[in-house]
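A structural walkthrough
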Amino acid sequence: MRAIRGAPVRLVVLESADYELLQHYCVENKAHLAPWEPVRDAAYYTAPAMCRLARERHRQFLDGTAVHLSALDAEGRMFADCAFTNIVRGAFQACNLGYSIAKASEGRGLMTAVVKAGIDVMFTDYGLHRIQANYMPSNTRSASLLERCGFVREGLAKSYLQIAGRWEDHVLTALVNPNHG
């Protein structure tokens, strides 16, 4: 694993050898995250699938198309995931943000700290101009989180993503790097 940020939030990019951290997080939070994710079959949670997923995320990190940051607690357990995907360079200089947090870690401001640290990585280390983040209108926790992090509402996309087996509308938000020329 490669450390990206330290205190107050330890963010790392997992490698395939670290798949057990990802697997434990996904299995432990399966029911908690199900309302906000695509339908996943039992094979998704297996060790081989998690190893492939960790390997693919690391490959994306190396080729600059995505940065999947795993937040680790003091004992080295993963408690949140913060993904900056679909990184586009050229005239756009932007990416999409997705995130999740373990049920046991909710309500303590940890996800805000993780997202803010991740934004700093993308704006400072990667020099991106814009980060886009979308949430389902019923997800008031995500709405509040993105507002705390400075994201601005830009619109509503009807039937945007298939979540938990249904096509869901999403509120479109974005954050523009104030220091980008």
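Higher on the page you've got the structure.
Everything in this summary refers to the structure shown in the same document. (Residues numbered from 1 in each chain as written. Predicted model: local features only at pLDDT ≥ 70, side-chain atom pairs only at ≥ 80, totals over all residues. Heavy atoms only, no water.)

**Brief notes about the overall build of the protein chain**
As a reminder, the rule being used: In DSSP terms, a helix is any run of H or I states spanning at least four residues, a strand is any run of E spanning at least two, and both are numbered starting from the N terminus. For a compact globule the rule gives 2.2 Å times the number of residues to the power 0.38, and the radius of gyration it is set against comes from C-alpha atoms. Whether a residue is buried, partly exposed or exposed follows from its accessible area with a 1.4 Å probe, protein chains only, as a fraction of its type maximum: under 20%, in between, or over 50%, in that order. Residue contacts are counted whenever heavy atoms from the two residues lie within 4.5 Å of one another. In this charge count, Lys and Arg are treated as positive and Asp and Glu as negative; neither His nor the chain ends contribute. The atoms used to mark charge sites are NZ of Lys, CZ of Arg, CG of Asp and CD of Glu.
A tally of regular secondary structure across the protein chain gives 5 helices and 8 strands. Starting at the N terminus and walking to the C terminus, you meet the elements of the protein chain as β-β-α-α-α-β-β-β-α-β-α-β-β. Over its C-alpha trace the protein chain gives a radius of gyration of 16 Å, about what one expects of a compact globule, namely 16 Å for 181 residues. Principal axes of the C-alpha set define a box for the protein chain whose edges measure 40 × 35 × 30 Å. Considering the protein chain as a whole, with its 181 residues, one finds that 44% of them fall into the buried category. In the protein chain, once contacts between residues fewer than 6 apart in sequence are set aside, the share between residues at least 24 apart is 57%. For the protein chain, the distance from the average position of its 20 positive side-chain charges to the average position of its 18 negative side-chain charges is 3 Å.

**Looking at the packing of aromatic side chains**
Which entries qualify depends on this criterion: Each Phe, Tyr or Trp ring, with Trp reduced to its six-membered ring, pairs with another whose centre is within 6.5 Å; inter-plane angles below 30 degrees give stacked pairs, above 60 give edge-to-face pairs, and intermediate values give tilted ones. Whether a charge lies above a ring is judged from NZ of Lys or CZ of Arg, which has to be within 6 Å of the ring centre and within 35 degrees of the ring normal.
With the rule as written, the count across this model stands at 1 aromatic pair. Look at Tyr44 and Tyr45: their rings are 5.1 Å apart centre to centre, the planes differ by 80°, and that puts the pair in the edge-to-face class. Overall, the relative accessible area of 12% leaves Tyr45 in the buried class. Sitting over the ring of Tyr44, Arg40 keeps its end group 4.3 Å from the ring centre.

**Considerations on the pattern of salt bridges**
Basically, it comes down to this: Any carboxyl oxygen of Asp or Glu that lies within 4 Å of a side-chain nitrogen of Lys or Arg is treated as forming a salt bridge with it.
Following the criterion strictly, the structure yields 10 salt bridges and no others. Where Glu106 meets Lys103, a salt bridge forms, and the shortest distance between an N and an O atom there is 3.5 Å. In this structure Lys103 comes out as exposed when scored by relative accessible area, which is 52%. Residues joined in a network through salt bridges with shared partners are Glu56, Arg59 and Asp63.

**Some thoughts on the nonpolar core**
Spelled out, the test is: Buried residues of nine kinds, namely Ala, Val, Leu, Ile, Met, Phe, Trp, Tyr and Cys, make up a nonpolar core once their side-chain atoms join them within 4.5 Å.
Counting 34 residues, the largest nonpolar core has Leu97, Val114, Ile131 and Phe151 as the members making the most contacts within it. Contributions of two or more residues to this core are made by strand E2 (10-13), strand E3 (67-72), strand E4 (78-88), strand E5 (94-101), helix H4 (110-125), strand E6 (130-135), helix H5 (140-148) and strand E8 (166-176). Of all the elements, H4 adds the most residues to this core, at 8 residues. For Leu97, the contacting residues outside a window of four places in its chain are Cys82, Ala83, Phe84, Val115, Ile131, Gln132, Ala133, Leu146 and Phe151.

**Things to note about H5**
Going by this rule: The directions considered for the arc are those from the helix axis to the C-beta atoms.
For H5, every residue scored as buried is listed here: Ser142, Leu145 and Leu146. Seen from one end, H5 has its buried residues packed into an arc of 95°, which puts them on one side. The outward face of H5, more than 90 degrees from its buried face, is lined by the exposed residues Thr140 and Glu147. As for H5, its buried residues are in contact with E5, H4, E6 and E8. Following H5 by one or two positions, Gly150 adopts a phi angle in the positive range, close to 95°.

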